[in-house]
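# Descriptive structure summary
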Amino acid sequence: IRLVPVAELRGLRVGPKLFQYVLKVLVQSVQLLYTLLRIEQPSYILLQNPPGLPSIAVAWVAGLFWGSKLIIDWHNYGYTIMSLSHGRNHPLVLIAKWYEKLFGRLSDYNLCVTDAMRKDLWVNFKIKAVTLYDKPASYFKETPLDLQHNLYMKLAKDYEPFKPRAVNPSAEGSAFTERDGKSGSVVKSRGRPALLISSTSWTEDEDFSVLLRALEDYERFIKEGAKLPDLVCVITGKGPLKDYYNGLIQKLHLKHIQICTPWLEAEDYPLLLGSADLGVCLHKSSSGLDLPMKVVDMFGCCLPVCAIHFECLHELVKHNENGLIFRDSKELAEQLKMLFLEFPTLEGKLHSFRENLRVSQQLRWDQSWDQTVLPLLGNKE
């Protein structure tokens, strides 16, 4: 793999927003076409959409020049993402929809991430696609206890929730694990909190107030006498709405729940997923046709998930089998209560979901690619 960088655009903030947007698209088109025409002649140009404006049209022109086949990998529709901030009937959104429909048809092959999207592409765009489900990379797997402890100790330097609740002079400890000073063996701490993880890009298609309200209900359950563990809720990622939600989090007064929003190093994220007790997904597809990659990664780590409902989610999350699907904060709170009752006993739904994920033996990314895409390219080597 050879990366060819394209310079980031700066200093285009002159005039009305619409003018800025049109200017940005034109400049990016020239940049991208210039870059594509300078590389070695490709047999195929593989393009992920979104973002497709202006890249679909530019890739098609480059394909004509090189005599290359254009493959579009549809992960969602760009116009539905734009509609989150502009509304469905905004002129820009309507132009983007027309553009995707027109230039999408000029591709030679099409991949998509769900059967629902495959059907939609054919019905509404007359585009034939092959479903290639997102799969976890090989490094998304359960984390051994020793590596869990090292990760917790590293995070405890910067984040209060990972620090030990009680100091044991004969052991090195975090909130979740202890390493014996003599034997060096690691055990899970008695009375440890449950570790709940969610990841986000902090954008409009994820309403994190749903999780915050559920956590307030969970706190109330404990106050009412339910035998539930304390919670450490880790929300990873960065994005435009992070400061807004951090402001909401600071206004919460929770005694049994600690929330932290770290930005993790790339190698630490799969380790944390493989160490957690439960994942929560609040991704609501803008089109209702794509699946959340974060759940794919969680399942690679055999991490059960509670995910918010949308149209085709059942293609990934099997309710009551590898996780639970909820529709609002009340339902999520009840699910957290049911899953964490009598925690951390190795019985109940949480354990059975994890066992189901272990035995499901899902394909990894490279195997899925070999099975689905190579035959499409006529390359069976």
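Residues numbered from 1 in each chain as written. Predicted model: local features only at pLDDT ≥ 70, side-chain atom pairs only at ≥ 80, totals over all residues. Heavy atoms only, no water.

The name given to the chain in an unreviewed UniProt entry is Chitobiosyldiphosphodolichol beta-mannosyltransferase, with the source organism recorded as Erpornis zantholeuca. In the Pathway (unreviewed entry) part of its UniProt record, the chain is described as follows: "Protein modification; protein glycosylation." Its UniProt record gives the chain the following Catalytic activity (unreviewed entry) comment, quoted word for word: "an N,N'-diacetylchitobiosyl-diphospho-di-trans,poly-cis-dolichol + GDP-alpha-D-mannose = a beta-D-Man-(1->4)-beta-D-GlcNAc-(1->4)-alpha-D-GlcNAc-diphospho-di-trans,poly-cis-dolichol + GDP + H(+)". (UniProt positions renumbered as here; feature names shortened; annotations may be inferred.)

Its domain assignment divides the chain into domain 1 (17-134 + 369-378) and domain 2 (145-360). Placing a centre on the C-alpha atoms of domain 1 and another on those of domain 2 gives a separation of 35 Å. Counting the surface lost from both domain 1 and domain 2, the interface buries some 1,100 Å², and carbon and sulfur atoms represent 62% of this. Interface area lost by domain 1 to domain 2 is led by Leu84, Thr114 and Asp134, which between them contribute 41%. Run the count over domain 1 and domain 2 and you get zero salt bridges. Summed over the shared surface of domain 1 and domain 2, the result is eight residue pairs in polar contact (both at pLDDT 80 or more). Of all the elements in the fold, those that place two or more residues in the side of domain 1 that touches domain 2 are α3 (78-86) and α5 (115-125). (Domains from an automatic or database assignment. Buried area = accessible area lost by both parts, 1.4 Å probe. Salt bridge = Lys/Arg side-chain N within 4 Å of Asp/Glu carboxyl O. Polar contact = N/O pair within 3.5 Å; in protein donor to acceptor, adjacent residues only side chain to side chain. Helix = DSSP H or I, 4+ residues; strand = E, 2+ residues; numbered from the N terminus.)

Turning our eyes to something else, we now look at the nonpolar core. Looking at soluble globular proteins, one finds that nonpolar side chains tend to be buried together. Counting 37 residues, the largest nonpolar core has Leu211, Ile259 and Phe340 as its most contacted members. When residues in this core are grouped by element, the largest group, eight residues, is from helix α7 (residues 209-223). Beyond its immediate chain neighbours, meaning those up to four positions away, Phe340 contacts Ala194, Leu196, Tyr218, Lys227, Leu228, Pro229, Leu231, Asp277, Leu278 and Leu350. With 36 residues, the next largest nonpolar core counts Tyr152, Leu195, Ala276 and Leu316 among its residues. (Core = buried A, V, L, I, M, F, W, Y, C linked by side-chain atoms within 4.5 Å. Buried < 20%, exposed > 50% of the residue type's maximum accessible area, 1.4 Å probe, protein only. Contact = heavy atoms within 4.5 Å.)

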